[in-house]
Amino acid sequence: MCFKCLGVVQGDDMERKNVWKDYDKKEIKELEKLCKEYRKFLDNGKTERECVKYIVELAKEAGYQDFDEVKASGKKLKTGDKVYAVNMKKAIALFQIGEEPLVDGMNILGAHIDSPRMDVKQNPLYEDTDFAYLDTHYYGGIKKYQWVTLPLAIHGVVAKKNGEVIDIVIGEDEKDPIFCVTDLLIHLAGEQMEKKANKVVEGEQLDILIGSRPLAKEEKEPVKKMILSILKKKYDMEEEDFLSAELEIVPAGKARNAGLDESMIMGYGQDDRVCAYTSAVAMFDMKNVRRTACCLLVDKEEIGSVGATGMQSKFFENTVAELLDNMGDYNELKLKKTLANSFMLSSDVSAAYDPSFGSAFEKKNAAYFGRGVVFNKFTGSRGKSGSNDANAEYIGKLRKIMDDNNVAFQTAELGKVDIGGGGTIAYILSLYGMNVIDSGVAVLNMHAPWEITSKADVYEAYKSYKAFLKDA
Ligand SMILES: [Zn+2]
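Just so it is clear, the model here is predicted, and its values are computed rather than measured. (Residues numbered from 1 in each chain as written. Predicted model: local features only at pLDDT ≥ 70, side-chain atom pairs only at ≥ 80, totals over all residues. Heavy atoms only, no water.)

## Focus: the packing of helix H11 (residues 392-404) against helix H13 (residues 455-471)
Now for step 1: As a packed pair, H11 and H13 sit with axes 10 Å apart at the nearest point and diverge in direction by 110 degrees. For the element pair H11 / H13, the angle class is roughly perpendicular. Seen from above, H11 lies across H13 with right-handed handedness. Across the interface between the two elements, Tyr-394, Leu-398, Ile-401 and Met-402 from H11 touch Ser-464, Ala-467, Phe-468 and Asp-471 from H13.
Now for step 2: Classifying every residue of the contact of H11 with H13 gives six nonpolar, one polar and one charged. (Axes fitted to C-alpha atoms, helices over the stretch in contact; angles between N-to-C directions. Helix = DSSP H or I, 4+ residues; strand = E, 2+ residues; numbered from the N terminus. Parallel < 35°, antiparallel > 145°, perpendicular 65-115°, else oblique. Left-handed = near helix turned anticlockwise from the far one by under 90°. Contact = heavy atoms within 4.5 Å. Nonpolar A, V, L, I, M, F, W, Y, C, P; charged D, E, K, R; others polar.)

Rendered as structure tokens:
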């Protein structure tokens, strides 16, 4: 018996089927409605700040109150109440109070709302040979050569010395100008093309071309002066205001349906907004919950969850302490118990099997488009270093919940052993002693300007998050 045949027999039992085949009209309708709204979220949430703003609006529509206002009013939270807490405009936690005591634990969905991009430096504006540029520093893990010759947009804020904060979005509206990082023409790129891929375009070359028209009567840096005059006119902005600005450079343009069959979505920032959005909507669609439900959307995951708005900050723990205190049930031990007794899905994306790069994957343990939400028992790299490795008992419990709720799911590893790796926020929450596992949507082109997901997986992720909040 040849080894190959043996393989085939094994594959059949464990192989997950493509869920599109089973959908009825009603499900397709639900899927398309969810995906249309999800694309709108991608278009309006291109930075962590924009995501928080958008989610707060949806939360208010779903009956959520600002926890700060609730605290200020002295009102005591009770079963069924819904609150949200925002962290420095860049992260948000949503809670729906359950029937069971909070100290018995919560069902938590945690995703991140930051995505790789280029950030404008503090002193960015310069002129070179009649061109004006904004100097940038990239954020997160990117293939730099992917970010050249693309239509780009500027999203962010400028915080003025007087405390005023100006929102800036340039490049999304058809009437707006767009921006670009240029690349060398092929005719003169012999030397460049010989370079290793990570040197073809280097970090300091990711500067944004922002102008080429000189301001009349200006001798010194007339193109730069033109840009400054436009910034002054449009945003009452001085050059020094760049010092206290956060401007993110992202691909310009709306997320779109992809494929002639329109079975996919192509858009920027799907890692991890596809899981953030489906987690939040699952939360908003929950009627009554037995265990308190929580949806946590954090910043800075792409750079190691650091800083005051990253998962390593005490924001989440402090907010849970405030919840217990509000309900007259706070002490350190109860806080520790609440966190340890919680169950969590770290809603983050997985690497979709790409036949064009099949050798990077081990096919029995890869994530496939159209086969449902992906559970990664562990991430990390090499010998599982740096990962949260979920307990077998917990996965057994989740398998039952998914099957009971007719949710399609699959399990996967992040590529072939020893070929690479990655991480999520899971290991940080696991430090509280809670059960955590990574579960999310398979993505093609991860961290590229335009990522691709399957609509079926977006839908199954949403269903899985709802089932988890209801039954975990
Ligand atoms: Zn991610």
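## Some words on the nonpolar core
What tends to happen in soluble globular proteins is that the nonpolar side chains get buried as a cluster.
Now for step 1: Counting residues in hydrophobic clusters, the biggest one holds 65 residues, and the most contacted among them are Ile-55, Leu-94, Leu-345 and Phe-468.
Now for step 2: Discounting chain neighbours no more than four positions away, the residues touching Phe-468 are Asn-107, Ile-108, Leu-109, Phe-343, Met-344, Leu-345, Tyr-394, Leu-398 and Ile-401.
Now for step 3: Grouped together as the second largest cluster of nonpolar side chains are 36 residues, Phe-179, Ile-208, Ile-249 and Val-250 included. (Core = buried A, V, L, I, M, F, W, Y, C linked by side-chain atoms within 4.5 Å. Buried < 20%, exposed > 50% of the residue type's maximum accessible area, 1.4 Å probe, protein only.)

## Here's the deal with the domain arrangement of the protein chain
Now for step 1: One can read the domain layout of the protein chain as domain 1 (11-115 + 268-471) and domain 2 (118-251).
Now for step 2: A separation of 33 Å is found between the C-alpha centroids of domain 1 and domain 2.
Now for step 3: Between domain 1 and domain 2 lies a buried interface of about 1,500 Å² when both sides are counted; carbon and sulfur atoms form 52% of it.
Now for step 4: Interface area lost by domain 1 to domain 2 is led by Lys-46, His-447 and Pro-449, which between them contribute 32%.
Now for step 5: Summed over the shared surface of domain 1 and domain 2, the result is four salt bridges.
Now for step 6: At the boundary of domain 1 and domain 2, one finds eight residue pairs in polar contact (both at pLDDT 80 or more). (Domains from an automatic or database assignment. Buried area = accessible area lost by both parts, 1.4 Å probe. Salt bridge = Lys/Arg side-chain N within 4 Å of Asp/Glu carboxyl O. Polar contact = N/O pair within 3.5 Å; in protein donor to acceptor, adjacent residues only side chain to side chain.)

## What about the pattern of salt bridges?
Any two side chains of opposite charge can pair, given that their charged atoms come close.
Now for step 1: Summed over all chains, the structure comprises 37 salt bridges.
Now for step 2: With its nearest N and O atoms 2.8 Å apart, the salt bridge here joins Lys-232 to Asp-236.
Now for step 3: Note that Glu-362 and Lys-364 form a salt bridge whose closest N and O atoms lie 3.1 Å from each other.
Now for step 4: Owing to a relative accessible area of 27%, Glu-362 belongs among the partly exposed residues under this scheme.

## Re the packing of aromatic side chains
Now for step 1: Counted by the stated rule, this structure contains 13 aromatic pairs.
Now for step 2: Aromatic pair Tyr-23 and Tyr-459: ring centres 5.6 Å apart, planes at 70 degrees, arrangement edge-to-face. Here the residue Tyr-23 occupies a position in the loop between helix H1 (3-14) and helix H2 (25-44), and Tyr-459 occupies one in helix H13, the gap between them amounting to 436 residues.
Now for step 3: A relative accessible area of 4% means that Tyr-459 is categorised as buried.
Now for step 4: Considering the side-chain rings of Phe-343 and Tyr-394, the 5.7 Å spacing of their centres and the 15 degrees angle between planes classify their relative orientation as stacked. In this pair, Phe-343 is assigned in strand E14 (residues 343-346) and Tyr-394 in helix H11, connecting sequence segments 51 residues apart. In terms of burial, Phe-343 and Tyr-394 fall into one category: buried.
Now for step 5: Pairwise contacts between aromatic rings join Tyr-38, Phe-41, Tyr-54 and Tyr-277 into one cluster.
Now for step 6: A cation over an aromatic ring shows up here: Arg-16 above the ring of Phe-409, its NZ or CZ 4.4 Å from the ring centre. (Phe/Tyr/Trp six-rings, centres within 6.5 Å; stacked < 30°, edge-to-face > 60°. Lys NZ or Arg CZ within 6 Å of the ring centre and 35° of its normal.)

## Comments concerning a nonpolar patch on the surface
Now for step 1: On the surface, Leu-184, Leu-185 and Leu-188 cluster together into a nonpolar patch covering about 280 Å² of accessible area.
Now for step 2: For Leu-185, the position within the fold is in the loop between strand E8 (165-170) and helix H5 (190-194). (Patch = residues over 30% accessible without salt bridge, like charges linked within 9 Å, V, L, I, M, F, W, Y side chains within 5 Å. Areas by Shrake-Rupley, 256 points an atom, 1.4 Å probe, with all protein chains shown as cover.)

## What about H11?
Now for step 1: The terminal C-alpha atoms of H11 lie 18 Å apart, and with 13 residues this matches the ideal 18 Å at 1.5 Å per residue to within 8%.
Now for step 2: Tyr-394, Ile-395, Leu-398, Ile-401 and Met-402 are the residues of H11 that are buried. Projected down its long axis, H11 shows its buried positions confined to an angular sector of 120 degrees, all on one face. Of the exposed residues in H11, those oriented more than 90 degrees away from the buried face are Ala-392, Glu-393, Lys-400, Asp-403 and Asp-404. (Expected span 1.5 Å × (residues − 1). Arc of directions from axis to C-beta.)

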